[in-house]
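Understanding the architecture of this molecule
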Amino acid sequence: MADTDGLKVAKNYQIEVPFANQTPFYVKGANNLDWGMKKHLSNIFDPKSGRTVMFAFDHGYFMGSTAGLERLDLVVPKLMPAIDVLMGTRGAIRSCIPADCKKAIALRVSSGSSMLNEDLSHEIIAVDIEDSIRMNADCIAVQTFIGADGQLSSIDNLSQCINAGLRYSIPVLGVVAVGKDMERTDRFFKLATRIVAEMGANIIKTYYCENFEEIVAACPVPIVVAGGKKLPEREALTLAYNSISKGASGLDMGRNIFQSEHSLEMAYSIRKIVHEGFTDKEAWEFYQDSIN
Ligand code: R5P
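Throughout what follows, the structure given in this document is the object of discussion.

**A word on the site of the ligand**
Contacts to the ligand come from 13 residues, most closely from Asp-58, His-59, Gln-143, Lys-205 and Gly-254. Take His-59: an N or O atom from its side chain is 2.7 Å from an oxygen atom of the ligand. In the environment of the ligand, an oxygen atom lies 2.8 Å from a nitrogen or oxygen atom belonging to the backbone of Gly-254. In isolation the ligand exposes 370 Å². Once the protein is present, 95% of that is buried.

**Let's talk about the packing of aromatic side chains**
Tallying each qualifying case throughout the model produces nine aromatic pairs. An aromatic cluster of three or more residues is present, and its members are Phe-55, Phe-57 and Phe-258. A cation over an aromatic ring shows up here: Arg-184 above the ring of Tyr-207, its NZ or CZ 5.7 Å from the ring centre.

**What about the pattern of salt bridges?**
According to the stated counting rule, one finds 13 salt bridges in the structure shown. When the shortest N-O distance is used, the salt bridge between Arg-271 and Asp-84 registers 3.0 Å. In this pair, Arg-271 sits in helix α11 (residues 263-276) while Asp-84 sits in the loop between α3 (72-79) and β2 (85-88), placing the two residues 187 residues apart along the sequence. Comparing Arg-271 with Asp-84, the two get one shared label, buried. Among the ionic pairs, Arg-94 bridges to Asp-131, the shortest N-O distance being 2.8 Å. Of this pair, Arg-94 sits in helix α4 (residues 90-96) while Asp-131 is found in helix α5 (residues 129-134), placing the two residues 37 residues apart along the sequence. Classification of Arg-94 as partly exposed rests on a relative accessible area of 47%. For Asp-131, a relative accessible area of 4% puts it in the buried group. One network of salt bridges, with partners in common, ties together Arg-90, Arg-94, Asp-131 and Arg-134.

**Some words on the sheet that holds strand β7 (residues 172-176)**
Across a sheet, paired strands are connected by hydrogen bonds in the backbone, their directions being either parallel or antiparallel. Taken in spatial order, the eight strands close into a barrel running β1-β2-β3-β6-β7-β8-β9-β10, and their pairing is parallel. Sheet twist, expressed as the average angle between the axes of neighbouring strands with direction ignored, equals 25°. Along the sheet face, helix α6 (residues 151-168) touches β6 (139-144) and β7 and points at about 165° away from the line of β6.

**Here we look at the pairing of β2**
What you see with β2 is no split at all: Val-85 and Met-87 on one side and Leu-86 and Gly-88 on the other are buried throughout. Alignment of strand β1 (residues 52-56) against β2, held across three bridges, turns out to be parallel. Bridge pairing links Met-54 to Val-85 in β2. With four bridges connecting them, β2 and strand β3 (residues 104-108) associate as parallel partners. Along β3, the bridge assignment pairs Leu-86 with Ile-105. Note that the unit made of β2, α4 and β3 has a crossover that is right-handed.

**Some details on the nonpolar core**
Counting 68 residues, the largest nonpolar core has Phe-57, Leu-86, Ile-97, Leu-107, Ile-140, Ile-204 and Ile-270 as its most contacted members. Beyond its immediate stretch of four places on either side in the chain, Phe-57 contacts Leu-69, Leu-72, Val-76, Leu-86, Met-87, Gly-88, Ala-92, Ile-93 and Ile-97. Counting residues in each nonpolar core, the second largest holds 18 residues, with Ala-56, Met-87, Leu-173 and Val-224 among its members.

Analysis parameters
- Residues numbered from 1 in each chain as written.
- Predicted model: local features only at pLDDT ≥ 70, side-chain atom pairs only at ≥ 80, totals over all residues.
- Heavy atoms only, no water.
- Near = heavy atom within 4 Å.
- Polar contact = N/O pair within 3.5 Å; in protein donor to acceptor, adjacent residues only side chain to side chain.
- Areas by Shrake-Rupley, 256 points an atom, 1.4 Å probe, with all protein chains shown as cover.
- Phe/Tyr/Trp six-rings, centres within 6.5 Å; stacked < 30°, edge-to-face > 60°.
- Lys NZ or Arg CZ within 6 Å of the ring centre and 35° of its normal.
- Salt bridge = Lys/Arg side-chain N within 4 Å of Asp/Glu carboxyl O.
- Helix = DSSP H or I, 4+ residues; strand = E, 2+ residues; numbered from the N terminus.
- Buried < 20%, exposed > 50% of the residue type's maximum accessible area, 1.4 Å probe, protein only.
- Pairing = 2+ DSSP bridges.
- Axes fitted to C-alpha atoms, helices over the stretch in contact; angles between N-to-C directions.
- Contact = heavy atoms within 4.5 Å.
- Right-handed = clockwise from strand over helix to strand, strands pointing away.
- Core = buried A, V, L, I, M, F, W, Y, C linked by side-chain atoms within 4.5 Å.

Right, dumping it as structure tokens:
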């Protein structure tokens, strides 16, 4: 019991001051979610810029050891100062990421395919919600295969994660997959992002394409843009700038950061675009100054 000796009388009620916590929540589509969901989303999206820099290093879940990610224990901690969210598998995070790191966690929970398969569109939910809670996940990432052979099971996976996420206030990141034979048109991305959002995902990861601003407008939750195959740094910065200037709420880049010869400088340059309003030209100049 607290020591009650010399207790002061409560009297500072500031009756004339309106209740302070009345502002709408800043993350798109999240206003009606509960406090726990919003707390996780605010770990992901910076309250000042409203955006995020995610670093995707979950490639091993279907690609095994990937060029640039051979030593997760060395590569990921080095990049952490420049990024907001670590997107990885539980195996990679548990074994290679110091537990005292302060970064948000986007935990990859679906898996089931590998580079050895012809058709990568069949996955299962590999990580249950209890382990996501143990991992302190700020969101759980599920691959969706709209228009592919595995569409039905991936929507089932997504829905199971959303139901579990709602039970424990953990947001779901719905990842729109593109297969070898799948179209990468704005028509496809508009359809897929909207379906995944309507299923209840709280964040959508997709690719940049023509008419991207229409995809953003039609999607009721934040979109983060995937990096895709490694591009020359100048082009990757243009991809980042175009995405942000057309309404993306962040980037979720992997190879365009970790396969860069100057990965930390590249991550900081992306950060300038995402959080500080740099153009691609300004970010490129920043990148060049940083490496010289
Ligand atoms: C995509 O579905 C997975 O999350 C990938 O492992 C990751 O997004 C790839 O990132 P990037 O294409 O930027 O290397």
